Amino acid sequence: MDAVESNMFPSDPGSHNSNHAVEDTSLVGSSVFQMPPEVEQLLEDLDAIAREEHPRQQLNLSEDIKRQIELVFSEDYGTQLSAGCWEDSRLKILNVLGLCWSNCTFVNVWDDCVYILGQISLREYEALHMPLQSSKVLRRLNLRMSCFGLIVERCPELEDVAARLGDIIRTMENLEAFHAWGAEMSMTDWAQLAEALTWRDVSNLTELNLGENDAIGTEEGFTLISTVVRVANKLNCLDIAQVRMAGPAAKALGESVALHQELEELRLSPQMEQWEDDGIQNRGNTQVIEGSMTGGPKECPLGRFIASAFLTDHPNQSVRSLIIHSWREKGWHVLRLGALPEFLRTTAFLYHFTLEVEHTYLLGCETEGLFEALRANCSIRVLTLELHLDRAASPTGKGLDLGAFNQLVEFIKSARVLEELNLTFRNGKGWECVELNWPAFFGALGSNSTLRILYLRITKSCSFAISDPVLGAMTAWLKTTFLEDLTLHINTGGEWRHLLRSLRTNTRLERLSVSAKILEDDMTFRELKALSHINSTLKFINFFYSSIEYEQRQAAIKESFRCKARQQSYLAELRKVLGTTSWTHPTCGRVFLCGTPNAGKTALAHSALRLGTTWCTRVFKKFLPRTLGIEIHALRNDAGMQVSLWDLGGQEIFRALQQYLFPKLNKACIFLFVFSLFDRDLNKVRPDMQAEFQEEFLYWLKFITSNSEISGFNLPTVLVVLTHKDKTEKQIRRGQHRGYSYKEMAEPIVSQLRQEFCDVLNIFPVVYCVNAKKEEYVQPIVAEIYKIMEDLFKEKLFSIPEACCQTSQYILGWALHNEKRPIISFDEFSSLCHEAHPDLNSILKNLPDHERKTALRAIASYLHDTGTIIELRDPNVLVANPNWLTNVFLGRLIGMGQGFPQAEESSSRSQHPISRDGFLSKFEFKKFVDDNLLQPLNSLGYIGFSYEKVESLMESLDLCYVVSGSKGESRLFVPTLVKVESDTQLHWNCPALKKELNAYMGFRIRCRDPRRTVLSTGFFPKFQITMWRSMKHETGFIYNCNYNIISILHDCHHVLVENSADGSYLDVLVKSAKSKELVWKFVKQHILENLFEFCASAEGSPGVSLVMDILRTECVKQLTPCAQRKDQTVSREHLKEKLKQSIKCAGEDMASIPTNLYHHVWDERSGTTLESEHEAAMDLLSPEDIVEVRDWLKCEADHLIQKSKKWKKVLKEIDGTSLSLGSADLLRGLPEEPVLEDRMSRAGFRDRRLEYMIQALDEDVKKVGEDVKKVLVKVDEMKLEIMENISTFTKVQKTTDDNVLQLIKDVDSRNGVCGSALEFPRRPYFTKDDATLGHRLTAAINIGKPLLLHFYCESIDGMHEVSKQRGFELIVGRENCEILRIIARNSLKALWCLLKLGIHVTTSLGSLVPELQISESRYNSLATMSITSLLDIIEPQSISQTNVIDNSTAEKAWEYLREHLRHKLPNGISDQFSLYPVVYTTNDCKTHAWLCIDCREQGLKDGKICSK
C-alpha cells in the first residue's frame, strides 16, 4: 500500500467507485520505510478483518489490537522511529482501519478507534475517513466525543475537514442515522454538514443527534437544523440536547417541527436565565425575579418552541417522546416553562415526557401549574422529572415549595394511565428542605394501581429524616405496591432493614434496584437474602455503585435467586401437572449430628430411631463401628413430620467430604453438637475438658456458620449434648471429680458463644447431659427437635403436592429393602413414582412422553432438595440411597485414600496411594478403586458396579477431573482422595511471556470475620475443579493445577492461586507484561469474580464473607513460600486511610508530592531474602482503590468550594456590602460607621483585606473546580492527576487554613479580644455542676456562688470541649460579676460568628451557663440551648445596641482574667486546662492557639503547627 496522498477527497462525489471492495492483493504493500515487526503484524491483523466478505454490524476490535494501535500512536513509540517511518506507519494503519469500516453498517468513529489514537493530523484524519466514500452498506455514522477536536493544530485547512466529510456523506445513499454528539463542531463545520445532509431531495435520514455542540447554538445554527428537519421527511428522532436554544431559534425550529408528521422523539435544551445570588438572598422580592424574567408564557424560549410546534392551528401530532434537558452552564439558572403546561394539559398523543433540570430551578408557581397540567393529561405513560427542593416562601420563589409538592402528590394519586415514573429530588446548594408531607407522597404512590415502574432518587444533601410516620407510610406502601420494577436511590441509614422487610409480603414486585453500599451493613445484607428467599415474585436485585468490596455479597444474592428460580421452575411444573390433586406445606427437616470422634453420635441416632413409631425404626440393621463420612437416615413421628438424620463423621479427614455434601440450607435445619465427657484412649474423664469443649464447639460453630446460607430469618439452630454421662458418674461415685457439674462447665461457654454468634446462629441455651444409649435420656432431645421443627414449618414459604410427600416415603422404604441397588436409572425412578401413589400414576399415564418426563424431572428435583435422592450431573442416573453414597462409597474411598484405619480391612487390600501433586495415573487410581471399593462391594452383593461407573460418579460430584498428557496418558486430579507428601514449588512460566514484564501484583483473599467463619478443608479443591470446568472451553487459556495451587496463563498474564497450609486464605500472585489496569481487569474478571461466585454458591461456603488484602510485591517477584509470606500483607482500608491522611499534608511541590505520600514499610523477614523496604500506597492499591481515592479528593475539594462560598457570603455580610433580610446581621449590634472604622483600625483590620480575601476565594473555587473534576481512565494518568490535584488541593487547603485563622482573628477583633490577648486562650465558658434546670435556662447566678471556668480547644479543624478538663473555680462577686458577664457574652458571640461561618464547634448542654448574668441584671439571656443550636436560635434582634460592649471595656475584662489566672496559677495553665500553646504556621503570618494534646500531636504530624 503506497503512502496516502494529502488530497484524497475529490470535489465531485460521483467520481468514486460505488464500492470499496478489498482487492485480492495484500493491503500491506511496499514502502520506502522498513515497517517495524509489530506494525507489520498489526497491519496483517487489520487486513484480515478488512477482507471479510459478509457485512458486519459494527467494527469490534479486540483489546489486543486496540492496545497495539495505542502503542504505535504513542509519543514514546514515535521517538524510537524516524519521523518519516512513524508517519508512514500511522497513515497505513489508519487507511486499513477505514477499509475495515467500509463493510460495516454502523461506524462509531470514537468507540471504534479514535479514543485510542490521541491527537491526529489533518492528513491522518483524511486517511481514516476516505474508505467510507460511496458506501452502500453504511446505515449509521457516529462522530461523537470531540472528533473535530482531535486535530493537532487549528490550521487553515481545518475548515476543509467538515467539507470533505460532507462530500463523503453525499455519496452515502442509504445513510439513516447521523450522530455528532459532543463532536465540538464549529458553526462552519455544521454548515458544511447540514448542506451535505440536505443535498438529496429525498433523504433516508431517520436519526439526527447534534447534542453538546455549543457552537451551533445560534440563530444561524438552528436555521440549518430547521432546514434539515424540513428536508428529512423520514426523520424519526431529533436530539439537540445541550445546544442552547434561544427565542428566535426556538420559534423557527418549532415551525419546522409543526410541519413534520414523522418525528416521534425530540430532545432539546432551551435557553435559561441566570439566577443571581441576590435573587437567592432576596427570593421574597418579587420585583427582582419578575424584572429579570419578563414576558408572557409564550415569550420564553421553551414557550416559543412549544407554541410554534404544538399550539398552532396545524400542530405536530407525531411526537411521542419529548425530553427537555437543562443547558449546562456555570452557576444556577431558572428554566421558564412558558406554554409547556398548556401543551401537556391538551395533548393526547404524547407518550413520554422528561424534564431534567440539573443545576436549574423551576419557579414555584410554574411548578404547581406543571403538575396541574399533568393531572389533566390522559396520554403520558412514561414521566421523568428532576426537581429541586428548597424553602420557597412564595410562588415566585425557586424550587419545589410546599404547594407544588402537594400538587405532585395529587397528580400521582390521580394518574390513571401513567406506567413509569422517574423522580429525582435534589437540594440546590445544600439549603435545608421544607417540611414536605412525605407520608402523603408515599401514600399516593401506594394508591396508584397503574404505575408499574418507579425510579425514586433523593440525593444525600436533601435526604429526609425517617421519622415514624414517614417510615410507616413507606413500609405500608412497599407491602402493597403494584410496582413491578422499583429503583430506590435514597439515603436512609439503618431504616433499609425495615423497608426490605416490608417487601417480603409483596406479591407484584419483580425487579428491585438499590445501591450496593447498603451491603456494608450485615443486617441489611441478611435482610436482602431473606427477601430473595421469601418473596415469591421478586426475580432480580440490581446493585448500582458497585465495587470489589461488595462483589461477593452481590454474588450471594445472585445465588439465592438462582436457587429460588430452580425451585420455582419445578414447582411450576408440578402445579401444572398435579394442580388438581391435594397440596400441603412441606414438613421435612434435617438434623445434623456433629462433634468430636467417638462422641456417641451414632449411639444417639440409634436411640432416636428406636423412639419412632413408623417403619423408620427398622432402618438400622447393621452399624459400622465408626462413621465413615456421613450416614443419612430418616426419622418420622405420628404427626407425619419427617426428619432426616445426618451423622457427620468426627475425624478430620472426613471434613472435606462434609464440605462437598453439606446442604447449604437455612430452612428447617438443626445441629446437635455432641461432645464426649469421657476420653476413650485414657479411659477416664477428659483432663482438660473445658478447653477441649470450647475449642471443638467453636470449630463446629464456625463450620456451621460458614456453610449455611445465613439470612434474616430461620437461623440454623444448635443444640449442645454432653454424652457418656454414665461413665463419668461412675468416676464421681468412686470419689473422682466429686461435686463437679459438667453442665456448669459447659453453660458459661455456651452462653458466651451464644452471644457472639447471636446474629448468625440460634444456639439453644439448655445443655443436655445424657447417656446416648438410653432412650429416656434421648427422649427430651427428640421432643425439642420436633418442637423446633414445628416452629420452623410455620413459615409456609411454598406448598407441594401430597403425592410428592408419599413418593418420598415410598422411595425411602424401597431403598431400605433394596440396599444393594443404591444407584438407579431414570426409568427405574419413573417406575417407582408410578408405584408410589395411585393419583400420580393415573396422571402420569395420560401425559405425552415429553410432558411426563418433564414432570418426573420436577419430582426428582423436589426429592433431591429434601434429601430423599441425589441427582447427579448425568441426567440418566440417580442415587436412591444417599447413605450409601456418603458413607459406603465416598466415606470408604476417602478413608482408605487418606490411610484411615478400617476395622474390617484385610491384608490383601492395597495401601493408600501417595501423590506429590494431587494427581494419580489412571492405572494407579483403577487399582486403588478395584482393591478398596469394587471387590468389597461385590463381596457384599452389590451388582452393576464397574470402574467406569465409579469414575463417572466422582466426576459428576466434582470430586475429580481427567486430564490428558502430551503423550496421550490420562491422569486424574483427586486432591481430597489422596495423601500428598510434599509441597509443590511455585515457578513463573517465563517462556510464555514474550514481552518485557512490567507488572507484579499480589492479593490475599481471606475471611472477613475469621473469628466466626472459616474456609473449610474441601473449599479449595472444589474451587480448583470448578475453575477447570469453567475454563476448559475458553480459548487461549492454559489451565493447570497441583495440590493447593492453580496456574492460569493467558495473553501475557500468568496467575498463580495458592491455598495456605491451613486453608484459611488464598494468595493470588500475578506476573504480566500488561499495564496494571489490564492486569487488574483480568484478575477481577477471571479470578476474583469466579471465586466470589463460587464462595456464595451451594458448593462453596455461602456463609463466608471474603475480603481482599494487598500482598507485598517482592513476595510476588521472588515467589516467596507461603509460610514465609504469611504476615506480608496489608489491608486495603489501612492503605487508603493512610494515603488520605498523607494527601492532606503532601505539600504543593509536584516533585516532592510522591515522596510525601504514604509509603507502607515492610519489615525484614529473617531466614528469607526479604529485606526491609517501603512501597508507595499508590503502587500497591488496585485501580478501583485509586479511583476511590480520586473521588474522595474530589469530594474534599468540593467541600472546600462550598466552605469558601459560604465564607464569601458571610464576609460580605460582615463587611456590610450584601445583607440578607433573613440572615442575622452582625453589624446591628455595633456602633455607627465612623466608630466601626476606628475600631477596625485599632484592631489591625482593613476593609481591603476583606476584598482581597473574597477575590482569593473566587480564585480558589475556580481553580479547584477546573483542576479536580476531571474524568480519568488509566491508572497512570489517574495517579498523575491525583498528584496535580494534591498540589492544587494543598494550596487551597492552606489558603483555607489561612482564611480560617484570619476569620477567627477578625471575629475576635469585633468581640474585644485585642492583640495582647492572642497568646492566651480565647474561648472561655462557664459551668455550674449543681445548677438547676431553671438556672441553666435563665443563666441567672447568685452572688457568692462558685463557677467553673473552662476553655475550648482552638483547633482550626474544629473547636471542641476538652475531655476531663479540671477547670478553675471562680466565685461570683459584685466586684467581678460584670467582668465575668462581659467575658462570657463576648465568647458566646464569637462562637456564634464562627458557627455561622461554618467552622466546626462541638459542645454539649450539661451544666453549661451560656451567658453569665446575675439575677438583678438588666440583660437578657441569648441562649437557652447548647452552642450547637445557636444558628437556629439567635435572631438579628438579639444582638442589639444595648448589648454592645466597647472594646476598651472588653480588653479590660480580658486583662483581668489573664492577670487573675497568672496570679492563681503561677506555674502556667496547661495542667489545669489540659491545653498547650502552639503556633500555626501559615503562608501570611504566625497565629497563636491553645490545643488539647490530641490536636497538638495531629497538627505536628500534619506539619500545620509548631510548638511554642
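What this report covers is the structure whose coordinates are included nearby. (Residues numbered from 1 in each chain as written. Predicted model: local features only at pLDDT ≥ 70, side-chain atom pairs only at ≥ 80, totals over all residues. Heavy atoms only, no water.)

What the chain contains, in helices and strands, is 50 helices and 56 strands. Here the chain, with 1508 residues, has 57% of them falling under the buried criterion. Looking at the chain alone, contacts between residues at least 24 apart form 77% of all its contacts between residues at least 6 apart. Element-wise, carbon and sulfur atoms account for 48% of the exposed surface of the chain, whose accessible area totals about 63500 Å². (Helix = DSSP H or I, 4+ residues; strand = E, 2+ residues; numbered from the N terminus. Buried < 20%, exposed > 50% of the residue type's maximum accessible area, 1.4 Å probe, protein only. Contact = heavy atoms within 4.5 Å. Areas by Shrake-Rupley, 256 points an atom, 1.4 Å probe, with all protein chains shown as cover.)

As a further point, take a positive patch on the surface. Residues R680, K727, K730 and K773 make up a contiguous surface patch of positive charge. Relative to the helices and strands, K730 resides in helix α25 (residues 725-733). Of the residues examined, K730 reaches a relative accessible area of 41% and is grouped as partly exposed. (Patch = residues over 30% accessible without salt bridge, like charges linked within 9 Å, V, L, I, M, F, W, Y side chains within 5 Å. Salt bridge = Lys/Arg side-chain N within 4 Å of Asp/Glu carboxyl O. Lys, Arg positive; Asp, Glu negative; His and termini not counted. Charge placed at Lys NZ, Arg CZ, Asp CG, Glu CD.)

One can describe the packing of helix α4 (residues 83-101) onto helix α6 (residues 122-129) by two numbers: an axis separation of 6 Å at closest approach and a directional angle of 30°. Considering their axes alone, α4 and α6 lie roughly parallel with respect to each other. With respect to the hand of their crossing, α4 and α6 are arranged in right-handed fashion. Seen from α4, the contacting residues are E87, R90, L91, L94, N95, L97, G98 and W101; seen from α6, they are R123, E124, A127 and L128. (Axes fitted to C-alpha atoms, helices over the stretch in contact; angles between N-to-C directions. Parallel < 35°, antiparallel > 145°, perpendicular 65-115°, else oblique. Left-handed = near helix turned anticlockwise from the far one by under 90°.)

Glancing now at helix α27 (residues 775-793). Between its terminal C-alpha atoms α27 stretches 26 Å, which fits the 27 Å expected from 19 residues at 1.5 Å a residue. Within α27 the residues assigned to the buried category are V778, I781, V782, E784, I785, Y786, I788, M789, L792 and F793. (Expected span 1.5 Å × (residues − 1).)

Attention now goes to the sheet that holds strand β31 (residues 877-879). Spatial ordering of the open sheet is given by β29-β31-β30, a layout of three strands whose pairing is antiparallel. Since the sheet does not close on itself, it has two edges, and those belong to β29 (823-825) and β30 (870-871), each with one partner. Examined bridge by bridge, β30 and β31 share two bridges and lie antiparallel to one another. By the bridge assignment for β31, E871 is matched with L878. (Pairing = 2+ DSSP bridges.)

Within this structure, the stated rule accounts for ten cavities of 30 Å³ or more. Taken together, 13 residues line the largest cavity, and the ones lying closest to its centre are M172, L175, L197, R200 and S203. At the level of elements, α7 (159-170) and α8 (187-197) are the ones that each hand at least two residues to the lining of the largest cavity. Grouping the constituent residues of the lining of the largest cavity by class yields eight nonpolar, two polar and three charged. (1 Å grid on protein atoms, 1.4 Å probe; cavity = no way out; pocket = protein on both sides within 12 Å on 5 of 7 lines; lining within 4 Å. Points joined across faces, edges and corners; volume = space filled by probe spheres on them. Nonpolar A, V, L, I, M, F, W, Y, C, P; charged D, E, K, R; others polar.)

Moving on, we come to the environment of R1374. Looking at the secondary structure, you find R1374 in the loop between β50 (1368-1371) and α46 (1377-1396). Sequence separation between R1374 and I1343 is 31 residues; the distance between their C-alpha atoms is 6.9 Å.

For the rest of this paragraph, the subject is the sheet that holds strand β35 (residues 970-973). Pairing in this open sheet of three strands is antiparallel, and the strands run β33-β35-β34 from one edge to the other. Two strands in the sheet have a free side with no partner beyond their single neighbour: β33 (919-921) and β34 (961-964). Shown here is a sheet whose adjacent strand axes are inclined to one another by a mean of 35°, direction ignored. By the bridge criterion, three bridges tie β33 to β35 in an arrangement that is antiparallel. Across the sheet, S921 pairs through a bridge with R971, a residue of β35. Docked against the sheet, helix α33 (residues 922-939) engages β33 and β35, running at close to 85° with respect to β33.

Note on strand geometry: in a regular strand, side chains alternate between the two faces of the sheet. Within strand β22 (residues 642-648), seven of the seven residues are buried, which leaves it mostly tucked inside the rest of the structure. Neither face of β22 is open: one carries Q642, S644, W646 and L648, the other V643, L645 and D647, and all of them are buried. Two strands pair when backbone bridges link them, and strand β20 (residues 588-595) and β22 are joined in this way by six bridges, in the parallel orientation. In the sheet register, G589 faces β22, and the bridge partner there is V643. Bridging between strand β21 (residues 630-636) and β22 involves seven bridges; their strand directions are antiparallel. In the strand pairing of β22, H633 is matched with L645.

What follows covers the nonpolar core. Ranked by size, the top nonpolar core spans 156 residues in total, and within it F178, W190, F305, F353 and F441 carry the most contacts. Counting 58 residues, the second largest nonpolar core, distinct from the first, contains L1015, L1106, L1180 and V1189. (Core = buried A, V, L, I, M, F, W, Y, C linked by side-chain atoms within 4.5 Å.)

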